[in-house]
Amino acid sequence: MKNIMPSGYLIKKLALASTVALAAAVNTVNAVVMDDTSQASFSPQLVNSAETDRLIVKYKHNTPQNLMSALSDSSMQSVSNAVLDVVGGKVNYIRKMSTGAHVVKLGNKVSDSELKAIMKKMMADPNIEMVEPDIRMYPMLTPNDARYNEQWHYFETTGGLNLPTAWDTTTGTGVVVGVIDTGYRPHADLVGNLLPGYDFISSAQTAQDGNGRDPDARDEGDWTNDNECVPGRPGTNSSWHGTHVAGTIAAVANNRGVVGAAFGSRVVPIRALGRCGGSLSDIADAMIWGAGGNVPGVPANPNPAQVLNLSLGGGGACGSTIQSAINTARSLGATVVVAAGNESQNVSNATPANCNGVITVAATDRSGGRAFYSNFGNRVDVAAPGGETNSVRANGVLSTLNTGRRNPRNDSLAFYQGTSMATPHVAAAAALLYSVNPSITPNQVENILESTARSFPRRCRGCGAGIVDAAAAVDAVNR
Ligand SMILES: [Ca+2]
Ligand SMILES: [Ca+2]
Ligand SMILES: [Ca+2]
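As the structure is a computational prediction, the values presented were derived from the model and not from experiment.

1. Points about the packing of helix α10 (residues 419-436) against helix α11 (residues 442-451)
In helix packing, the relevant descriptors are the interaxial angle and the interaxial distance, both defined with respect to the helix axes.
At step 1: Contact geometry of α10 with α11 gives a least axis separation of 10 Å together with a crossing angle of 115 degrees. The way α10 lies across α11 gives a crossing that is right-handed. Across the interface between the two elements, Val426, Ala429, Ala430, Leu433 and Tyr434 from α10 touch Pro442, Val445, Ile448 and Leu449 from α11.
At step 2: Across the contact of α10 with α11, the residue classes break down as nine nonpolar, no polar and no charged.

Structure representation (structure tokens):
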């Protein structure tokens, strides 16, 4: 099985997995080691004929010894006969194991019940001590972070992204995702996967850091006073939006808190949103810089991103500035993933979601239907879990945040809802694909994510090809 995990990660995983693996091993022994007088009683989940057509057979007193053409040897006759009696066909001898047992392979496909019957017949031979299926084992990559179990949006069959299976192949190692957002907080569960970013906010008022563009992309808070942004609009607390989005992509695994959907990847935080949002001109520059392009007056990004996440948007048609930035990012090899928007309206009114060359993401709720707020329409390409916190907070997307109402205070974790939360799931899935095939193109990424998306378990009209299936997508690019 392919595994391109950093070794430190794997070591931690194995340590974590040990209690589970040990329990499984004990079950196996209980279920299949029988003396010759017992009735065969196999635990069904341990006999999976779709996964294995091999058996491990151990003889009492370690007989037969040194078996080469073993199945012609009379001492192995009961093995052959057991198979012949149940399903017919040959048995192939594979090898003798260090344990003294022998591995044999069935010549024909068998069902679970046939496999059980074959094992039961073998056990009728008083010379046979033990027979068990040569089961397959896998890296046990479920992260052990304390609140991973609340990240239903990664693993639940109904509404999740099918990530744990994808993580058996890749967690995004070697891939850079540019997050164009409010900047970042150096959250202890995120900072280890952050690369140097840049602050593209040219207005000191918007930035709240006392100056224009600068190399420090930390989020200083995007709180506003009443009427500050739009007359009549009440003030808001700081959102720490960029920290939440970045955490969904690359929060650190196997330490504490939560994990990112591509926790082997790294995020370049590119700050372009502050108080009252951000300007198109800053966002366009941020995109080009993120992908490795040249922006006058700004040193080049030393870690060009293969994926850009834009959990942002505004109203109106797709203008030439943003389309040009998208085209430049694509020409540099970057896949651009964009939120459909939260107005529960046709996405044609939301930009850059309505531009060409982007993957536009609608949001689904925990039941896999369209989230009540999500935009929809022909411009949507795929859907991903964006959660829904209005009725049940825990049905939102859990990620890294900060407790500060205005200025930053302490690290926290929080449930958010929105197409902003759905989009980083897709950006992370794209990162997994780049990790498997670094030369994949933006068009190929989009085609694979769409063609492997799963159908909606509940109504989601205008939500694109389906809910992104990370495991299916990784499998498709791995072929
Ligand atoms: Ca600044
Ligand atoms: Ca700054
Ligand atoms: Ca973590």
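2. A look at the coordination of the calcium ion (ligand 1)
At step 1: For the calcium ion (ligand 1), every protein donor is listed as Asp209 (OD), Asp209 (OD), Asn211 (O), Asn211 (OD1), Gly212 (O) and Asp214 (OD), and the spread of their distances is 2.1 to 3.2 Å.
At step 2: Considering all six donor atoms around the calcium ion (ligand 1), angles at the metal cover 53 to 173 degrees and the coordination shape is irregular.
At step 3: Between consecutive donor residues of the calcium ion (ligand 1), the sequence gaps follow D-x1-N-G-x1-D.
At step 4: The distance between the calcium ion (ligand 1) and the calcium ion (ligand 2) comes to 3.4 Å, with aspartate 209 serving as a donor to both metals.
At step 5: Its relative accessible area of 33% is what places asparagine 211 among the partly exposed residues.

3. Some remarks on the pairing of strand β3 (residues 102-106)
At step 1: Summarising burial for β3: four of the five residues are buried, a large majority.
At step 2: Bridge analysis of strand β1 (residues 54-59) against β3 gives four bridges, and the strand direction is antiparallel. By the bridge assignment for β3, arginine 54 is matched with lysine 105.
At step 3: As paired elements, strand β2 (residues 91-96) and β3 share five bridges and run antiparallel to each other. Following the sheet pairing, asparagine 92 is matched in β3 by lysine 105.
At step 4: What sits between β2 and β3 in their antiparallel hairpin is a turn of five residues, with glycine 100 showing a positive phi close to 95 degrees.

4. What to know about unusual backbone geometry
At step 1: Backbone torsion omega between threonine 351 and proline 352 reads 15 degrees, so that peptide bond is classified as cis.
At step 2: Structurally, proline 352 can be placed in the loop between β11 (350-351) and β12 (359-364).
At step 3: For asparagine 227, which is not glycine, the phi torsion reads 65 degrees and is therefore positive.
At step 4: Looking at the secondary structure, you find asparagine 227 in the loop between α6 (204-207) and α7 (241-250).
At step 5: Overall, asparagine 227 belongs to the partly exposed group, its relative accessible area being 47%.

5. Observations concerning the layout of surface pockets
At step 1: Approximately 1200 Å³ is the volume found for the largest pocket.
At step 2: In this structure, the largest pocket is lined by 40 residues; those nearest its centre are Arg233, Leu273, Cys276, Gly277 and Gly313.
At step 3: Of all the secondary structure elements, the ones that give two or more residues to the lining of the largest pocket are α8 (280-290), β9 (314-315), β11 and α10.
At step 4: At three residues, α10 tops the list of elements feeding residues into the lining of the largest pocket.
At step 5: Of the residues contributing to the lining of the largest pocket, the split by class is 13 nonpolar, 24 polar and three charged.

6. Quick word on the state of the cysteines
At step 1: Inspection of every chain in the model, using the stated rule, returns three disulfides.
At step 2: At a sulfur-sulfur separation of 1.9 Å, the disulfide partner of cysteine 229 is cysteine 276. When the S-S torsion is -80 degrees, as for the bridge of cysteine 229 with cysteine 276, the disulfide is left-handed. With cysteine 229 in the loop between α6 and α7 and cysteine 276 in the loop between β7 (266-271) and α8, this pair connects stretches of sequence that are 47 residues apart.
At step 3: Each sulfur in the disulfide pair cysteine 318 and cysteine 355 lies 2.0 Å from the other. Here the disulfide of cysteine 318 and cysteine 355 is right-handed, its torsion about the S-S bond being about 105 degrees. Taken as a pair, cysteine 318 in the loop between β9 and α9 (320-331) and cysteine 355 in the loop between β11 and β12 lie far apart in primary sequence, 37 residues in all.
At step 4: Its relative accessible area of 25% is what places cysteine 318 among the partly exposed residues.
At step 5: Taken in N- to C-terminal order, the disulfide-linked cysteines of the protein chain are connected 1-2, 3-4, 5-6.

7. Side note on the coordination of the calcium ion (ligand 2)
At step 1: Taken together, the protein donors to the calcium ion (ligand 2) comprise Asp199 (OD), Asp209 (OD), Asp214 (OD), Asp214 (OD) and Asp216 (O), at separations of 2.3 to 2.8 Å.
At step 2: When the donor residues of the calcium ion (ligand 2) are listed from N- to C-terminus, their spacing reads D-x9-D-x4-D-x1-D.

8. Re the pattern of salt bridges
At step 1: Per the stated rule, a full pass over the model turns up ten salt bridges.
At step 2: With a shortest N-O distance of 2.7 Å, arginine 147 and glutamate 150 are connected by a salt bridge.
At step 3: The partner of glutamate 228 in a salt bridge is arginine 275, with the nearest N and O atoms 2.9 Å apart. With glutamate 228 in the loop between α6 and α7 and arginine 275 in the loop between β7 and α8, this residue pair connects regions lying 47 residues apart in the sequence.
At step 4: Relative accessible area serves as the criterion here: at 26%, glutamate 228 is assigned to the partly exposed category.

9. Focus: helix α3 (residues 112-123)
At step 1: The end-to-end C-alpha separation of α3 is 17 Å, in line with the 16 Å expected for twelve residues at 1.5 Å each.
At step 2: Taken residue by residue, α3 has Leu115, Ile118, Met119, Met122 and Met123 as its buried positions. Considered in projection along α3, the buried side chains sweep an arc of 135 degrees and stay on one side of the axis.

10. Remarks on the nonpolar core
At step 1: Counting 55 residues, the largest nonpolar core has Val426, Leu433 and Leu449 as the members making the most contacts within it.
At step 2: At the level of elements, α5 (163-167), β5 (176-181), α7, β12, β13 (382-385), α10, α11 and α12 (470-478) are the ones that each hand at least two residues to this core.
At step 3: With twelve residues, the single largest contributor to this core is α10.
At step 4: Excluding its chain neighbours within four sequence positions, the residues that come into contact with valine 426 are Val337, Ile359, Val361, Val382, Ala384, Leu449 and Val468.
At step 5: Val176, Ala272, Ala284 and Ala329 belong to the second-largest nonpolar core, a separate cluster that totals 40 residues.

Basis of the calculations
- Residues numbered from 1 in each chain as written.
- Chains lettered and ligands numbered in written order.
- Predicted model: local features only at pLDDT ≥ 70, side-chain atom pairs only at ≥ 80, totals over all residues.
- Heavy atoms only, no water.
- Axes fitted to C-alpha atoms, helices over the stretch in contact; angles between N-to-C directions.
- Helix = DSSP H or I, 4+ residues; strand = E, 2+ residues; numbered from the N terminus.
- Left-handed = near helix turned anticlockwise from the far one by under 90°.
- Contact = heavy atoms within 4.5 Å.
- Nonpolar A, V, L, I, M, F, W, Y, C, P; charged D, E, K, R; others polar.
- Donors = N, O, S within 2.8 Å, 3.2 Å for Na, K, Ca; no water.
- Tetrahedral: all angles 85-135°; square planar, octahedral: opposite > 155°, others 65-115°.
- Buried < 20%, exposed > 50% of the residue type's maximum accessible area, 1.4 Å probe, protein only.
- Pairing = 2+ DSSP bridges.
- 1 Å grid on protein atoms, 1.4 Å probe; cavity = no way out; pocket = protein on both sides within 12 Å on 5 of 7 lines; lining within 4 Å.
- Points joined across faces, edges and corners; volume = space filled by probe spheres on them.
- Disulfide = S-S within 2.5 Å.
- Salt bridge = Lys/Arg side-chain N within 4 Å of Asp/Glu carboxyl O.
- Expected span 1.5 Å × (residues − 1).
- Arc of directions from axis to C-beta.
- Core = buried A, V, L, I, M, F, W, Y, C linked by side-chain atoms within 4.5 Å.

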